[in-house]
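Summary of the model geometry
This is what each chain is made of:
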Amino acid sequence: MNSAERSLTVSAPGRICLFGEHQDYLHLPIIAAAISRRICINGSERVDTKVNIDLPDIRKRESFEISEEIPYVRERDYFRSVVNVLQRKGVRFSRGFDCVVHGDIPINAGTASSSALVVGWTHLLSRMSNQRKILHAEEVAQIAYEAEVLEFSEPGGMMDQFSSSVGGLIWLESFPQPKVSSLPARLKSFVLGNSHHPKDTKFILANVKDKVLALVKSLKDKHPEFSLQTVLNDELPSYRRDLDDAQFNLLAGTVVNRDITF
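Here we summarise the structure given alongside this text.

About the criteria used
- Residues numbered from 1 in each chain as written.
- Predicted model: local features only at pLDDT ≥ 70, side-chain atom pairs only at ≥ 80, totals over all residues.
- Heavy atoms only, no water.
- Phe/Tyr/Trp six-rings, centres within 6.5 Å; stacked < 30°, edge-to-face > 60°.
- Helix = DSSP H or I, 4+ residues; strand = E, 2+ residues; numbered from the N terminus.
- Buried < 20%, exposed > 50% of the residue type's maximum accessible area, 1.4 Å probe, protein only.
- Pairing = 2+ DSSP bridges.
- 1 Å grid on protein atoms, 1.4 Å probe; cavity = no way out; pocket = protein on both sides within 12 Å on 5 of 7 lines; lining within 4 Å.
- Points joined across faces, edges and corners; volume = space filled by probe spheres on them.
- Nonpolar A, V, L, I, M, F, W, Y, C, P; charged D, E, K, R; others polar.

Let's talk about the packing of aromatic side chains
- Applying the stated criterion across every chain yields a total of six aromatic pairs.
- Here Tyr72 and Phe152 contribute two aromatic rings whose centre-to-centre distance is 4.9 Å and whose plane-to-plane angle is 55 degrees, an arrangement assigned as tilted. Taken together, the positions of Tyr72 in the loop between strand S4 (60–65) and helix H1 (78–88) and Phe152 in the loop between helix H3 (137–150) and helix H4 (159–166) put the pair 80 residues apart, joining distant regions of the chain.
- The class of Phe152 is buried, set by a relative accessible area of 18%.
- An angle of 85 degrees between the planes, with centres 5.2 Å apart, marks the rings of Phe79 and Trp121 as edge-to-face.

Structure below.
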């Protein structure tokens, strides 16, 4: 984009998780891949500070004014949260935008449609800011994670944002610091089926995450040396007496999932 055009079109892909499902928010590694379905956002600068977002695929519109700290008006208010996170990092906007959003990623289907939207929105806003910032893919992913997960105390991890922003096939570790590596494997085709039964992502993530974190805390209280990152599968029986059947099965499954990913 040059200064004369003052418009930009960006797109970001959804993702599939190949190994480590429900692991990234436990600070365990994952392997994921971007898919060919994408969210596309076209934005054009306005002369005022109003932001208008047209979402014809879902028959909705969003409008707000850019201010120093934009108040949220709904749960998961991602269009506003990205602006707020960027502004806290010193990115400035003297003008607003007219935007149109299209996409072919199934919604509420476990393919990261929300994160693709937030990644694309982050990239577009940074490019159309006063600074015309071109962020590295990992920077876009981190900002998107902050705007989507941390800003609203969501239960998810970083897999979706990094998969969408970096693209291709990635290995992601989030402990002790985020570290992403592109994998050179050449994948063939995948068939992704859509059941058309909406997935309650927030409930599922919170339910699984909360249960694992609760049992980890319980074990660490009694065994300070316990670590979900390092415990060996053959060490698990030593913790059996401190857990009920459901907790032990959940822990064992988590460790096996971790080991398969490694």
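A look at the pairing of strand S7 (residues 179–182)
- Bridge count between strand S6 (residues 169–173) and S7: four bridges; the pairing is antiparallel. Residue pairing in the sheet places Trp171 in a bridge with Ser181 of S7.
- Taken together, S6 and the strand that follows it, S7, pair antiparallel across an intervening segment of five residues.

Remarks on the layout of surface pockets
- When its volume is computed, the largest pocket comes out at roughly 690 Å³.
- Broken down by secondary-structure element, the contributors of at least two residues to the lining of the largest pocket are S4, H1, strand S5 (97–103) and helix H2 (113–128).
- Classifying every residue of the lining of the largest pocket by side-chain character gives nine nonpolar, five polar and nine charged.
- Along the walls of the second largest pocket sit 18 residues, with Ile16, Ile35, Ser36, Phe190 and Leu192 positioned nearest its centre.
- With five residues, the top contributor of residues to the lining of the second largest pocket is strand S2 (residues 30–45).
- When grouped by side-chain class, the residues that make up the lining of the second largest pocket number 10 nonpolar, six polar and two charged.

These figures come from the coordinates and say nothing about function on their own.
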